[in-house]
Amino acid sequence: FVMQEPAITYSGNAYPFLLNVQDAGGNFAVGNCTSILVSVSRYPVDPILYPNSDFVLSPPVAAINGVAYFPSIMLPIAAPFIQLAFTCTQTGVSWAPAFSHQFSVGPSLAVSNCLDDGTISATSCGPPEFRSANLVVESAPTSGEVGRVLGYGTLVPVVVQTRDNDGMPIDVPSTTVYARLSTSLAPVEAAKIQGAIIQSNASSSIVFPQIRTDVSGMTYLNFVAGYHAGLQLSSKSVGISIRGSSPTSLNFLKRLKNRIVLKSMASVSLQLKDSFDNVANAVVSTCTVEVVNQPVNASVSSIEAKMFVNGQVSWETIGLSTAGVYHLRFHASGTLSEYKFNISSQVAILEVLPSGRPASLHILQQPGNAAPRYSSPNMTGKDVFMLQRSPILQLRDSANNPIIGFRGTFEVRSTGGDFSTQLGVGDKMSFYAGGTRVQLPGIFFTTQAQRDANLYLLFRSSCCSLLSQVSDDLRSSNLSLSGASTGIRVTVQGHINGSIIRAGEPFSMIATAIAADGETAFGFSETVVLDDTLTARGPSGLLTVLQSGALEARAQNGVAQFDLVMRQVSTFESTLVIGYPLGYFVSELHSGTSKFISIVGAPSSVSIVQQPSSATGGLALVLQPVLQVVDKAGNAAIPIAGATLTAVLHRASGSVLGSSNGKLLGTVTVQCSTTTGRCAFINIAIDKTGRYFLSFSSSSTASADGINADGVFSHIFEVLIGSIATVSSIQTPAQSTGGIQFAIQPVSAVTDAGGNWVYQTSKRIQLAACCNCGTPSATACSLNGSLTIASVQGISSFRGLSSLTTGNSIQLRFRLLPVAAPCTGQS
C-alpha cells in the first residue's frame, strides 16, 4: 500500500514514495520482498509508442520488515495524468500490486509562455517539453453579437483540442473544460456568459456549441481543462469582437443631488445601456433636458443639448435661479445601424434651498452719527444722543444668500472716545431678525461729554436655536456725537466770501451744520435748500437765472454739497441756504451770506451771431456769417491769438434734382478778433444755384484755451439766378476745312456772375474769331456767315458759319451787345 506520495510533480525532478505491506484485511504485516519494481499503470498516450523507461526512472528496492522506500523516483515526461504501480517480483511471493493516486506531471518550467495575440493555431502553448500535453483552440469566430451563440450565421464553430508538443491529438480521460471570457479590464462575470462548461468524453476534440455572452466590445476567449490529478491546462486567448444591441435605457451615472443651496451649481451624468446592461458606446445620440416642473418665474440655465461620448453625457454647471423644487427629465435620441430610438430617463427631483449654513454677517446700511434727542440731560446727568440713521444687518451663507431669521448682539466701542459714553443704559444690547434683514431702530448713547468721536458699533450674530457663533465682531463705520445744530455755514469753493467762479464751469457750494460750540454738528442729516436761487436783473430789468444744478441736497455727517454751474457772468453775487432739522417744533436753520464773483470762462466753442442770407449766383452773400467765441456757458469770450475759422459749404435737401454742386468763393478762412472774440466773414459767395448751409472748422482744439466748432451749422439759405453778367460758350466747332461750313456750329448762353443760365432774355450775341490769340502776332480771323444773332431764352445758336482762314490755333469769342461784359471764348 502506498503510504506517502506527491500530489503533483514536474518532469525531470525526483520525488520520494513510501510503501508498507498489508494483509488481506488491510492491516500492517511484517513481510519482506527482495525486489519491488515501479512501473506506469495509466498514462495519456498509447504505450506501444513509448517504452516504459520513458515514463519512470527508478531502480527496484526491497521491502524489509513490511516497509519499502523509494527515495528518488524521477518522471521525465510531462503529462496531464499518470498512475504508478508497485509490484513484488520475488519468486514465490504473490503479493497484489500497490497503485499510487493519479497525479499530474507538469512541464519543467512552472509558468507557461502563452501569448495572447488572438491567433488561432495548432502550435502548442507553453514551453517545448518533450511529449507534454497542451490545450489548443482549433477554431473560433472573430466576431459575434450580444445574446447570440458564438459562430451563429458562420461556419466557424468553437472547438478546442488536447495535443502534445508534437501537435498530435491526445485522448484524455473524461474531464470538465471551461470557457473563460474577459475584457481588457477584467474577467466577465460568470452570470454574463452561457454555455461555457463542457464535460468532455475521453476524446481529444471538444466542441462548444452554445457559448453566448451579454457583454459587448472587444473580448478575449480562452479555455481551461482541469484533471483529478491536479494539473490544469490553459489555451491561449482568442480575440472576439462582440457587437452591442440597441440602447433600451437611459440611466444615471451620477444623480442630481436631492438638495442644493441657491447660487450653487448642479451636476449630473447619464449613460445609455442595452437590455444586457452593456454601455451603448457605439451609437450616435443626442441628449436633451426637459424641465418638467419649476417654481414660478424660475429659470434653468446651462442645459443645452449634448452629444453622447462613449455612451455617456454630463452637465456640470446647471444653474437654478430661484429657491424651490425642480423636476428634470432627460431624453436620448439617435440611431444604431437602421434602428432609431428615443429613450427617456426617470424624472430627477431637485430642491433648491434659499440659503445654506450661516457664514457671514453684513451691514446693509451703516449707522448715522448721533445728535441730542432732548434739550436737557437725563436723570443720570448724561445727555442722550440718538442715531440719526438706524443700521440694517443681514446674515448670509457662503454663497451670499440671505439667511431667514437670526439673532445677535451689538455693543459700542471707541478708539479714544470719552469714558462716560455708553450704549443706551448698558454696554451691550441684543436683537432678533424675523426676515432676511433686521433694522435696529432707537439706538442711542448717553454721555457726559458734549462731543465725542471715533466711536463704532460691534455686531455679532448667532443663528436659530443653536446659538452658535457664525461671525467675529463686525465693525461699523466711525460714528461721532455732537451737539444739536444751531445754524449753517456756507462756503463757495472753500471760502465764505471772495471766491471767483468761471461761467460754464462746475463749482461746489458746501453747507455745513454748526453746533453751539461752533464745530460741525455731525448728527444733522436732513434736507438743505438754496433760499436764494442765484438770480440777477439783466440789462432789460428781467430776472435772469445765473446757475444750473440741484437746489436741494441732503446732509451727510452734517455736510450738504451743491454741485452747480454758473450760466452767466455776474460782477457780484451772494447766496444763503435754509436747513430743516428733524423733530417737532424745531425751527429752521438759516445760513449767513456767502459772496462771490462770476467771470467769463475760458473760450470753448463758437456761436453764430449773424446767419448768412440768400444771394444770387457768383455774388457775395448780402449778410455774411459772423460767429462769436463763447465759454461753456455761452458767454462771449476772448480766443487765443491766431485762432481761425474756416467755412465749409454743404448742399441742403430740397435743391433742384440734377443741379450742380456749388463752390464756395471768396475768403473762406478768417481770423477771430482777440479783442471782441468775433469771427466775421466779409466776401463769401457761391457760384451755383441751390439750397445750402455752412459748417465751420477751427484751427484750435477743445482744450482749456482752444475753441471747438464741431456741431455748429448755419441756417439753410438759397442761391438764386442773378442778373445778366456774361456769355458762356456751350458748343464750339471741332476740326474743319477753310471755306466749308463748320460741321458743329457754335452755341452760347447768357449767364449770371456764377455761370448760371439766364433764360429770360433775348440779348444779341456777337461772334468773332482770333488767330494766334495770346501771342504778339495775334490777329482777327475772317469768318463767313451771320456773326450777330439774338438769343432765344438766353441761348444763341449760330448757323452756316465757316472760316476763311486756316490755322491750328483759332479761337471763337462771344460778347453781349451792347458791350457790357468781357468776351469769353474757346478754341
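Residues numbered from 1 in each chain as written. Predicted model: local features only at pLDDT ≥ 70, side-chain atom pairs only at ≥ 80, totals over all residues. Heavy atoms only, no water.

1. Quick look at the overall build of the protein
Within the protein, the secondary structure is distributed over zero helices and 76 strands. Relative to its 827 residues, the protein shows a buried fraction of 43%. About 41,700 Å² of surface is accessible on the protein, with carbon and sulfur atoms providing 52% of the total. (Helix = DSSP H or I, 4+ residues; strand = E, 2+ residues; numbered from the N terminus. Buried < 20%, exposed > 50% of the residue type's maximum accessible area, 1.4 Å probe, protein only. Areas by Shrake-Rupley, 256 points an atom, 1.4 Å probe, with all protein chains shown as cover.)

2. Details of the state of the cysteines
Applying the stated rule across the entire model yields four disulfides. Each sulfur of the disulfide joining C770 and C773 lies 1.6 Å from the other. The disulfide partner of C771 is C781, and the gap between their sulfur atoms is 1.4 Å. Taken together, the positions of C771 in strand β69 (residues 764-771) and C781 in strand β70 (residues 779-781) put the pair 10 residues apart, joining distant regions of the chain. For C781, a relative accessible area of 10% puts it in the buried group. (Disulfide = S-S within 2.5 Å.)

3. Brief notes about the side chain of S461
As for its placement among the helices and strands, S461 is situated in strand β40 (residues 452-463). Judged by its relative accessible area of 2%, S461 falls in the buried class. At 3.2 Å, the side chain of S461 and the backbone oxygen of R407 are in polar contact. (Polar contact = N/O pair within 3.5 Å; in protein donor to acceptor, adjacent residues only side chain to side chain.)

4. Section: the pattern of salt bridges
Going through the model one piece at a time under the given rule, you end up with 10 salt bridges. Between E351 and R259 there is a salt bridge, and its shortest N-O distance comes to 3.0 Å. With E351 in strand β30 (residues 348-353) and R259 in strand β22 (residues 259-261), the pair connects residues that are 92 residues apart, well separated along the chain. Look at E351 and you get partly exposed, because its relative accessible area is 27%. For R259, a relative accessible area of 53% puts it in the exposed group. In this structure, R329 and E290 form a salt bridge, with 3.2 Å as the shortest nitrogen-oxygen distance. Of this pair, R329 sits in strand β28 (residues 324-336) while E290 sits in strand β24 (residues 284-293), placing them 39 residues apart in sequence. Linked by salt bridges that have partners in common, E145, R148 and R243 make up one network. (Salt bridge = Lys/Arg side-chain N within 4 Å of Asp/Glu carboxyl O.)

5. Observations concerning a nonpolar patch on the surface
Together, F28, V30 and V67 make up a nonpolar patch on the protein surface, roughly 280 Å² of accessible area in all. Tracing the chain through its elements places F28 in the loop between β3 (14-20) and β4 (33-42). (Patch = residues over 30% accessible without salt bridge, like charges linked within 9 Å, V, L, I, M, F, W, Y side chains within 5 Å.)

6. Quick word on the nonpolar core
Membership of the largest hydrophobic core comes to 31 residues, with the highest contact counts inside it found for L250, L272, W315 and F330. Elements with a contribution of two residues or more to this core: β21 (247-254), β23 (266-274), β24, β27 (312-320), β28, β29 (339-344) and β30. Ignoring any residue separated from it by four or fewer positions in sequence, one finds L250 in contact with L270, Q271, L272, C287, F308, F330, H331, A332, I343, S344 and S345. (Core = buried A, V, L, I, M, F, W, Y, C linked by side-chain atoms within 4.5 Å. Contact = heavy atoms within 4.5 Å.)

7. Side note on the packing of aromatic side chains
Scanning all chains against the criterion turns up 12 aromatic pairs. Between F208 and F223, the ring centres sit 4.9 Å apart and the planes meet at 45°, which makes this aromatic pair tilted. On the criterion of sequence distance, the pair formed by F208 in strand β16 (residues 205-208) and F223 in strand β18 (residues 217-226) is long-range, its members being 15 residues apart. Ring plane angle 35° and centroid distance 5.6 Å describe the contact between W315 and F330, whose orientation is recorded as tilted. With W315 in strand β27 and F330 in strand β28, this residue pair connects regions lying 15 residues apart in the sequence. Of the two residues, W315 and F330, both sit in the buried class. The structure contains a cluster of three or more aromatic residues connected by ring pairs, namely F17, F70 and F86. Positioned above the aromatic ring of Y456, the side-chain terminus of R475 is 3.6 Å from the ring centre. (Phe/Tyr/Trp six-rings, centres within 6.5 Å; stacked < 30°, edge-to-face > 60°. Lys NZ or Arg CZ within 6 Å of the ring centre and 35° of its normal.)

8. Quick word on the sheet that holds strand β60 (residues 644-651)
With mixed pairing, the five strands of this open sheet are ordered in space as β58-β66-β65-β60-β62. Each having just a single partner strand, β58 (615-616) and β62 (669-671) make up the two edges of the open sheet. As paired elements, β60 and strand β65 (residues 690-698) share seven bridges and run antiparallel to each other. Bridge pairing in β65 links V648 to S695. (Pairing = 2+ DSSP bridges.)

9. Describing the layout of surface pockets
Empty space within the second largest pocket amounts to approximately 490 Å³. In terms of residue class, the lining of the second largest pocket is built from 12 nonpolar, eight polar and four charged. (1 Å grid on protein atoms, 1.4 Å probe; cavity = no way out; pocket = protein on both sides within 12 Å on 5 of 7 lines; lining within 4 Å. Points joined across faces, edges and corners; volume = space filled by probe spheres on them. Nonpolar A, V, L, I, M, F, W, Y, C, P; charged D, E, K, R; others polar.)

10. Remarks on unusual backbone geometry
Backbone torsion omega between L817 and P818 reads -10°, so that peptide bond is classified as cis. With a phi close to 55°, N310 is a non-glycine residue in the positive phi region. Tracing the sequence through the fold places N310 in the loop between β26 (306-307) and β27. Of note in the backbone geometry, Q493 takes a positive phi value of approximately 50° without being a glycine.

11. Quick look at the environment of M307
Within the secondary structure layout, M307 lies in strand β26. Expressed as a C-alpha distance, the spacing of M307 and C287, which sit 20 residues apart in the sequence, is 6.2 Å. Each residue touching M307, except ones within four places of it in the same chain, is listed here: V284, S285, T286, Q312 and V313.

12. What to know about the confidence of the model for the protein
When pLDDT is averaged along the protein, the result is 81; 83% of the residues meet or exceed 70. A low-confidence stretch, residues 109-131 stays under pLDDT 50, and its non-local contacts, those more than four residues away or across chains, total 53 contacts. Low pLDDT, under 50, characterises residues 465-469; the stretch is placed with eight contacts to residues that sit more than four places away or in other chains. (pLDDT = per-residue confidence, 0-100.)

13. A closer look at the sheet that holds strand β59 (residues 626-630)
Ordered in space as β57-β59-β63, the three strands form an open sheet in which the pairing is antiparallel. Bordering the open sheet on either side are β57 (605-610) and β63 (678-680), each of which pairs with just one other strand. Neighbouring strand axes in the sheet, compared pairwise and without regard to direction, differ in orientation by 30° on average. (Axes fitted to C-alpha atoms, helices over the stretch in contact; angles between N-to-C directions.)

14. Concerning the pairing of strand β52 (residues 559-566)
Of the two faces of β52, only one is covered, namely that formed by A560, F562, L564 and M566; the face formed by V559, Q561, D563 and V565 stays uncovered. As paired strands, strand β46 (residues 506-515) and β52 are joined by seven bridges and run antiparallel to one another. Paired with I510 across the bridge in β52 is Q561.

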